[in-house]
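The primary structure of each chain is shown beneath.
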Amino acid sequence: MSLAFTYALIGVGLFTMGLYALIVHAHLLRKILALNIMGSGVFMILVALAKRSGDVPDPVPHAMVITGIVVAVSATALALTLMLKLNATSGRATLVDDRQD
Amino acid sequence: MSDQSKQGISNDPAQIAALVRVLIALLVTGLGVVLAYVILSLPSVAVGLSQVVNVHLQQSGVTNPVTAVLLNFRGYDTLLEMVVLLLALMGVWALGGAAHFHDDAPGPVLNTLARLLVPVLIMVAAYLLWVGAHAPGGAFQAGSVLGAAGVLLLLAGWRPPIALMALPLRFVLVIGPAAFVAIALGTLVSKGQLLAYPVNNAGLLILVLEAAATVSIGVTLAALFVGGQPQDEQHK
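Rules of the game
Each chain carries its own residue numbering, running from 1 in the written order of its sequence. Written order decides the labels, with chains lettered from A and ligands numbered from 1. Only residues with pLDDT of at least 70 get local features here, since the model is predicted, and only at 80 or more are side-chain atom pairs given and counted; chain-wide, interface and lining totals rely on the full set of residues. Strands are runs of DSSP state E lasting at least 2 residues, helices are runs of H or I lasting at least 4, and numbering of each runs from the N terminus. Residues with at least 20 other C-beta atoms within 10 Å of their own are called buried, those with 12 or fewer are called exposed, and the rest are partly exposed. The C-beta atoms themselves are positioned from the backbone. Contact between residues is assigned whenever the C-beta positions, reconstructed from backbone atoms, fall within 7 Å. Predictor confidence is given residue by residue as pLDDT, running from a minimum of 0 to a maximum of 100. Only Asp, Glu, Lys and Arg are considered charged in this grouping, and only Ala, Val, Leu, Ile, Met, Phe, Trp, Tyr, Cys and Pro are considered nonpolar; every other residue, Gly among them, is considered polar. Think of a nonpolar core as buried Ala, Val, Leu, Ile, Met, Phe, Trp, Tyr and Cys residues, each tied to the set through C-beta atoms within 7 Å. Here the expected length of a helix is defined as 1.5 Å per residue gap, with one fewer gap than residues.

**Digging into the overall build of chain B**
Tallying secondary structure elements over chain B gives 10 helices and zero strands in all. Each helix and strand of chain B, ordered N terminal to C terminal, gives the series α-α-α-α-α-α-α-α-α-α. Taking all 236 residues of chain B together, the buried fraction comes to 32%. Excluding contacts between residues fewer than 6 apart, the proportion of contacts in chain B whose partners are at least 24 apart in sequence is 79%.

**Quick word on the confidence of the model for chain A**
Mean pLDDT for chain A: 89, with 95% of residues reaching 70 or above. Looking across chain A, the model is least confident in helix 3 (residues 59–90) of chain A, with a mean pLDDT of 90, and most confident in helix 2 (residues 28–50) of chain A, with 95.

**Examining the interface of chain B and chain A**
Contact residues are listed per partner, giving 40 residues for chain B and 35 residues for chain A. Contributing elements (two or more residues each) for the side of chain B that touches chain A: helix 2 (13–40), helix 3 (50–56), helix 4 (65–73), helix 5 (75–94) and helix 9 (202–226) of chain B. Per element, the largest residue contribution to the side of chain B that touches chain A is 11 residues, and it comes from helix 2 of chain B. The residue makeup of the side of chain B that touches chain A, split by class, is 27 nonpolar, nine polar and four charged.

**A short note on the nonpolar core**
Ranked by internal contacts, the top residues of the largest apolar core, which has 51 residues, are Val69(B), Leu89(B) and Leu209(B). Mapped onto this core, the elements with two or more residues apiece are helix 3 of chain A together with helix 4, helix 5, helix 6 (108–131), helix 7 (139–155), helix 8 (167–191) and helix 9 of chain B. Take this core: its biggest share by element is 12 residues, from helix 9 of chain B. Sequence-distant contacts of Leu209(B), defined by excluding residues within four places in its chain, comprise Leu71(B), Ala179(B), Phe180(B) and Ile183(B).

**Quick word on helix 5 of chain B**
The end-to-end C-alpha distance of helix 5 of chain B, which contains 20 residues, comes to 28 Å, matching closely the 28 Å that a straight helix rising 1.5 Å per residue would cover. For helix 5 of chain B, the complete set of buried residues consists of Gly75(B), Thr78(B), Leu79(B), Glu81(B), Met82(B), Leu85(B), Ala88(B), Leu89(B), Val92(B) and Trp93(B). For helix 5 of chain B, the elements touching its buried residues are helix 3 of chain A together with helix 4, helix 8 and helix 9 of chain B. Following helix 5 of chain B by one or two positions, Gly96(B) has its phi on the positive side, about 80°.

Here it is in structure tokens:
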């Protein structure tokens, strides 16, 4: 198994661990962190699989990942601000299931 | 007996939660195995688009393939991506949060570190911007370094002058997307296609675009870190 596939499988591991944490944890900060880890896994898969083209990696996935990182950072900032607003108005940092209220 | 113990399990919320967690872990592991199988079933050699990029690299105005893809071949994506950054900042500002500056005095270590590092970071950003034409680097990397310099300054207690917070800040925030849109419209008029640079001037155009994008990305990231409209804080 080549190095590209090793790193891609580690990316799959990051993605699934992030998905598990996203489902299990109720606290929104943990959910945001989990989404970021899932995103890092996807970036890792893209970058790793780009190496399959030989000595010079395929530049198109690399360009997509660069774009994706900046979008992920800005989306995270927006999500954190939303969480802070929720915390300021309701005193909680979790989403409440309406059916239980 | 077994009936009773089942009843006991289903009535204890902690045990149900633990069972659900195990179930979720099993499902997610199953998904991971499927994904791993899919990735391993991909061909081990795939040229992708690298040949196409290499063939057209000489017309792109730069020699680094990633920069060529970002700013030339897929310039449209980068244009929209700049708009996404701006939208995120508009979303943060629209939530109406005041900028939460902490006015604690920074320790001597942070203060000295900021003084030492910020000039270096600005120089590294300029270098990354310039080197992006022929080696790994470019607007996004340079913009991130610039944003990090801004965050460091904000952490060390530096506050931008209020006179710069209204129009000048907005001008700097939109200069990247605006330069992109202007060049896109220019090429639309002159060559009939969005972002189809003339081959002779492509390198210069890309450098101008990257410089504008670097400044916008850096300032947008620092503004996102502040987390609110800076003006609000001054008016409070």
